[in-house]
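# A structural walkthrough
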Amino acid sequence: MKKLKPAAYALLPLAVAMAQPAAAQDTKELKVGVASEATSIDPHFHNVGQNNALRRHIFESLIATDANQKLLPALAESWKAVDDTTWEIKLRPDVKFSNGEAFTARDYVYTMCRVPLVENSPSSFTVFTRGIESIETPDPLTIRVKTATPQPLFPNNMTTLGILSAAVFGAGDVKYGKDGCENMGTPPKSSDFNDPAKAVGTGPFKLKEYTRGTHIILEANEGYWGEKPVWQRVVMRPITSAGPRVAALLAGDVDMIENPPIQDFDKIKGAGFTLVEGLSNRIIYIHLDQFEDKTPGVKGTDKNPFKDVRVREALSKAINREAIVERIMGGVAQAAGELLPYPLFGTTKDAKPVAYDPEASKKLLAEAGYPNGFELTIGTPNDRYINDEKVAQAVAQMFTRVGIKTNIDAMTASTFFSRRNKHEFSAYLAGWGADSGEMSNSLNALVVTPNKDTGGGHTNRGRYSNAEVDALVMEAQRTIDDAKREELLQKASKIAMDDYALLPLHFEVTPWAFKKTLSYTPRVDQYTLVTEVKPAQ
Amino acid sequence: MLVYVIRRLGQAALVLAVMATLVFIAVYAVGDPVAILASPQADQQELEAITQRLGLDRPLYEQYGLFVWNALHGDLGRSFVYNEPALTLILNRLPATLELALTALVIAVFIGIPLGLYAGLKPQSLGGHSIMAGSILGFSLPNFWQGLMLVLLFSVMLGWFPAGGRGTTRELLGVPVSFLTLDGLSHLILPALNLALYKMALVIRLTRAGTREVMLQDYIRFARAKGLSQSRVIGVHVLKNILIPVVTVLGLELGSMIAFAVVTETVFAYPGIGKLLIDSIGRLDRPVIVAYLMLTVVMFVIINLIVDLIYAAIDPRVRLEEAKA
Amino acid sequence: MSEQAATPAPAAAARPTDKGESLLLRHVAAFFESPLAVIGLAGLVVLVILALAASFIAPQNPYDLAQLDIMDGTLPPGSESLAGYTYWLGTDEQGRDLLSAILYGLRISLGVGAISVVIACAVGASVGVIAAYAGGRIDNFVMRVVDLQLSFPAILVALVLLAVFGRGVDKVIIALVIVQWAYYARTVRGSALVERRRDYIEAARCLALPKNRIVFRHLLPNCLPPLIVVATVQVAHAIALESTLSFLGVGVPVTEPSLGMLIAKGYDYLLSGKYWISTFPGIALVAAIVAINLVGDRLRDVLNPRLSR
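Residues numbered from 1 in each chain as written. Chains lettered and ligands numbered in written order. Predicted model: local features only at pLDDT ≥ 70, side-chain atom pairs only at ≥ 80, totals over all residues. Heavy atoms only, no water.

By the naming in an unreviewed UniProt entry, chain C goes by Peptide/nickel transport system permease protein and is assigned to Chelatococcus caeni. Within the UniProt record for chain C, the comment given under Sequence similarities (unreviewed entry) is "Belongs to the binding-protein-dependent transport system permease family." (UniProt positions renumbered as here; feature names shortened; annotations may be inferred.)

Chain B appears in an unreviewed UniProt entry as Peptide/nickel transport system permease protein from Chelatococcus caeni. Regarding chain B, the UniProt comment filed under Sequence similarities (unreviewed entry) reads as follows: "Belongs to the binding-protein-dependent transport system permease family." Recorded in UniProt for chain B, the comment headed Subcellular location (unreviewed entry) runs: "Cell membrane".

Given below as structure tokens:
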């Protein structure tokens, strides 16, 4: 267990505590208004936030994470790296599935085998199972997993995979094979899980009813091995538009909502509800094209100005991050100086946001040979991140003030991502949530040189490239020892930030609002977990 | 007549085929669904795997061929997002939209006809003028802004009705409807009113024009001369004669109302097929977009076909013109 | 109407074009009989002048990001800016003066409406008059296409088109032209079919005038009155449609907001009581549409001989 530095996770939520004596809360039923609906009950169908959050209620994983993404033992009691490529996991004894069957290593093997078999998955979980060479089960409560290469993040990967019951789907003595398993019975289709009798996991809740677009109803699992759930029955209603979601809370239709919009905070507090906010692992940043010699969104110069580090520095100094946080985000965000908020794994305490300094910015631009600036178009989605388009406009305003006449090309997320992936933007605003909650994820995605074979730099669409950073990150990805790995990542991060590889803006803060009789601890992963909703003290 | 019917059916089929092709190609041109569906954590290898799983790596003509083949077998594809048949998704949402449109229709008729009648009977009165001015306003208000103002007034300021969503539903003949519960009804009123206002303006104008015309007819004068009471004259003779055009036009307008529900459903976050369409466009769920548009095409083709057939049945000149062409 | 009077039609003796001048006067007089229509026309003239003069009278250029300051964001009406002048109608979240934004937005909304209608009218009228004159297969084919187009709600067609094209003022105009041309084609064809059988066309044919001269110099001008009515009403429709599309997120770009875009942005702030961001642009939009509809309504009565009693 011990593997990650617990002390480093004292990440306190920016709580807006509303200390109010609570009336006794009835624990029969909890109604939650969720911002996006899970696309399937199948825990392996779609790797997307709302599905993963729902999954945790019904299908537990070997390892869980707490509010600050620190690893916690769940179905696994302990785990350790035997050598660089072997992990040994001890399972918790006496755990039963909601149908009464005992949980053993067979169910783990079955789950690992089933993940690649999901049909039509729009975003599969195979990224987490890909590197597994073999799985051995010396006894029903011990698992030995061999990986092709050293995988320091193997325990993190295990937090994303919900364990299925092998028996429900008629599997025999399952044998893992890298290219296909044996004795799998009839692997389930995703729609099979809509039936509560098939949606069997070890979680604290059981599926009771699933009506798409209307609600998902969960029921307490009486035989749960851990702390008994507080709520007998949970109704999750998808209310995707923010206004109606707030209205539903205010009207008492639901007890709790996700993501109330910032502009409605005063109204919600005024109506006597509790608001909590917690820093998330999602950074909003601006990436700059540093690859092409002539970049499409820049006019007024024949060069690509972003290849010059002075220009990148000038842009970073032109941004008044505090003003964005204050005026556009209503104070509900935190200016960023790195890709993850301190003290998550791999961050440095003194990584401060770049200070706003328009004069220095103008000077740098002049030094770089752009005394009269140039014209720039920033691409941005308008429905993906909190106030994304407004933030982009504010940045455009600030760039324009130092002489870079900036336009905004805002579009719906689907168009934005398609165009971004085709490198159509010279500069774009986007966000990155590090699912694993540690720095190698962010660096590998956004800063490492794009490389199709290693999968590195897959979201580095500005195509920043720095051999030093690449080497450090790659070494970190092979290093099992936590202290060493963290040091490598801190170094890589510092080099990238000093080189203005991209321009970090702010970390999003995730808000929740609920009745005064409840309490909830904000989570870095932005999930709404009913198991953590408690009656207020 | 039979030849004409067959001809029109043939034309309808052709229209369907042409629209299917256009819709498919148009939707195909919009963005890359994988870019939005995939987890941001997915690397190049995973993105390619998804593209392959969803069949998007095949050439356009092959995808189109598959689509046509499946469509002919009644399968309009599976939603990328939900992995369910697109048709099922739409049919699940259809009752909500139909309920909304029908409620709006009822409101439009039951408020529009009395107002139009009044304006027609007393065209020069202050009331008559105000009603007509109001009807121009009804035509002019952009549907979405009008919806916002309804929310602002009735939900935010007065707090009488919820701002959006669909309330509690109850099954009626196996279909979930919301007008049977108080909560459902309170959720239904604002969006239905929003959808109804434009049609109400239309009904007022039709009724007023009809009333003015009918009032000049000889049989109304005879009825009056016979000593029938004013209320009977209006209630029976006038109303009967103006209802026919009103009902005909509204029948035709039902289709456009279902389409226009897109805007109302967006403003009120009402879970009907219009909201599904907008959401699907946002997520590039191509099969659902195509299926929705195809269903709309079918609906409009059928409505047009019925109208044409009725016209042909009652007006021999139509057949003549067609035969010449 | 004036074109009609100005057309030197040698064979048009059978048409009362020589009386065109007085006919026009009569129409104008009839138009001014309705006080509502006069109010509408006056309002429209004022709005057009405001829109055209936007860059001179607006206190701020809302499209120039250098003039905006987010520290002035979401101020209520009457607030004072950091620079010292007053935002009479408040600001949006970017610190954009709403009064200026409305004036500029009016320009985009009216401009998009008018330009799309002019283009659609030109395209539609040409197609319609040619179809009517040519008759037969061409007519049949064109009318099938028109029927097909008209059988779909404009909003759906435009939505799909813009989802394909992406955002932009030019793209919105193209989409609006595509959804509108069929109205004109049908209207013009209808009146051209009637006009075609008239003596002056026969006479023109007998004189062996070139076909396109007959179609565009003689046939088309005489189909204008209903076209004017349809076009006026369609300008209002086009403006409403543009604002709806912008509201749905597929219209004009955010840095150059039309009225619809302003309203859409204000939607986020409606529940929190910042009513001014979407209410004031909405009032401007409704005023424009109502004014045009009042004018269009009256024109219909005046120009439609069947309704004159």
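## Concerning the UniProt feature "transmembrane region" (unreviewed entry) in chain C
All names here are of chain C. According to UniProt, the positions carrying the feature "transmembrane region" (unreviewed entry) are residues 36-58, 108-133, 145-166, 219-240 and 275-296. The span residues 108-133 is 100% helical and 0% strand by assignment, and the distance between its end C-alpha atoms comes to 37 Å. For residues 145-166, helix accounts for 82% and strand for 0%, while the C-alpha atoms at its two ends are 25 Å apart. (Helix = DSSP H or I, 4+ residues; strand = E, 2+ residues; numbered from the N terminus.)

## Description of the interface of chain B and chain C
In this assembly, 38 residues from chain B lie in contact with 35 residues from chain C. Here chain B packs against chain C, burying approximately 3300 Å² in sum over the two surfaces, 79% of which is carbon and sulfur. Area buried by chain B at its contact with chain C is led by Phe 144, Trp 145 and Leu 148 of chain B, which between them contribute 18% of it. Taken together, the connections running from chain B to chain C amount to one salt bridge. With a closest N to O distance of 3.1 Å, Arg 205 of chain B and Asp 297 of chain C form a salt bridge. Between chain B and chain C we count three residue pairs in polar contact (both at pLDDT 80 or more) in total. Elements supplying a minimum of two residues to the side of chain B that touches chain C: helix H1 (2-28), helix H6 (126-140), helix H7 (143-157), helix H8 (182-215), helix H10 (230-267), helix H11 (273-283) and helix H12 (286-314) of chain B. (Contact = heavy atoms within 4.5 Å. Buried area = accessible area lost by both parts, 1.4 Å probe. Salt bridge = Lys/Arg side-chain N within 4 Å of Asp/Glu carboxyl O. Polar contact = N/O pair within 3.5 Å; in protein donor to acceptor, adjacent residues only side chain to side chain.)

## Some remarks on a nonpolar patch on the surface
Residue and element names in this part refer to chain B. On the surface, a cluster of nonpolar side chains totalling about 540 Å² of accessible area is made up of Leu 172, Leu 173, Phe 179, Leu 180, Leu 185 and Ile 189. Counting through the fold element by element, Ile 189 comes out in helix H8. Residue Ile 189 is classed as partly exposed on the basis of its relative accessible area of 34%. (Patch = residues over 30% accessible without salt bridge, like charges linked within 9 Å, V, L, I, M, F, W, Y side chains within 5 Å. Areas by Shrake-Rupley, 256 points an atom, 1.4 Å probe, with all protein chains shown as cover. Buried < 20%, exposed > 50% of the residue type's maximum accessible area, 1.4 Å probe, protein only.)

## Structural notes on the packing of helix H5 (residues 98-134) of chain C against helix H8 (residues 169-196) of chain C
Residue and element names in this part refer to chain C. With their axes 5 Å apart at the nearest point, H5 and H8 run at an angle of 35° to one another. Relative to H8, the crossing made by H5 is right-handed. When its residues are assigned to classes, the contact of H5 with H8 shows 23 nonpolar, four polar and two charged. (Axes fitted to C-alpha atoms, helices over the stretch in contact; angles between N-to-C directions. Left-handed = near helix turned anticlockwise from the far one by under 90°. Nonpolar A, V, L, I, M, F, W, Y, C, P; charged D, E, K, R; others polar.)

## Describing H6 of chain B
For H6 of chain B, which comprises 15 residues, the first-to-last C-alpha distance of 21 Å matches the rise-based estimate of 21 Å (1.5 Å per residue) to within 8%. Listed in full, the buried residues belonging to H6 of chain B are Gly 128, Ile 131, Met 132, Ser 135, Ile 136, Gly 138 and Ser 140 of chain B. Of the surrounding secondary structure, the elements contacted by the buried residues of H6 of chain B are helix H5 (86-121) and H8 of chain B together with helix H13 (276-303) of chain C. (Expected span 1.5 Å × (residues − 1).)

## With respect to the pattern of salt bridges
All names here are of chain A. All told, the structure shown has 28 salt bridges over all chains when counted by the stated rule. The residue Glu 119 makes a salt bridge to Lys 189 at a minimum N-O spacing of 3.4 Å. Of this pair, Glu 119 sits in the loop between helix H2 (105-114) and helix H3 (126-129) while Lys 189 sits in the loop between helix H4 (154-158) and strand E8 (205-211), placing them 70 residues apart in sequence. Put simply, Arg 419 and Asp 409 hold a salt bridge, and the shortest N to O gap is 3.2 Å. With a gap of ten residues between them, Arg 419 in helix H11 (residues 413-421) and Asp 409 in strand E16 (residues 405-411) connect regions that are remote in the sequence. Classification of Arg 419 by relative accessible area gives partly exposed; the value is 24%. Given a relative accessible area of 23%, Asp 409 falls into the partly exposed group. Taken together, the salt bridges that share partners define one network made up of Asp 409, Arg 419, Lys 422 and Glu 424.

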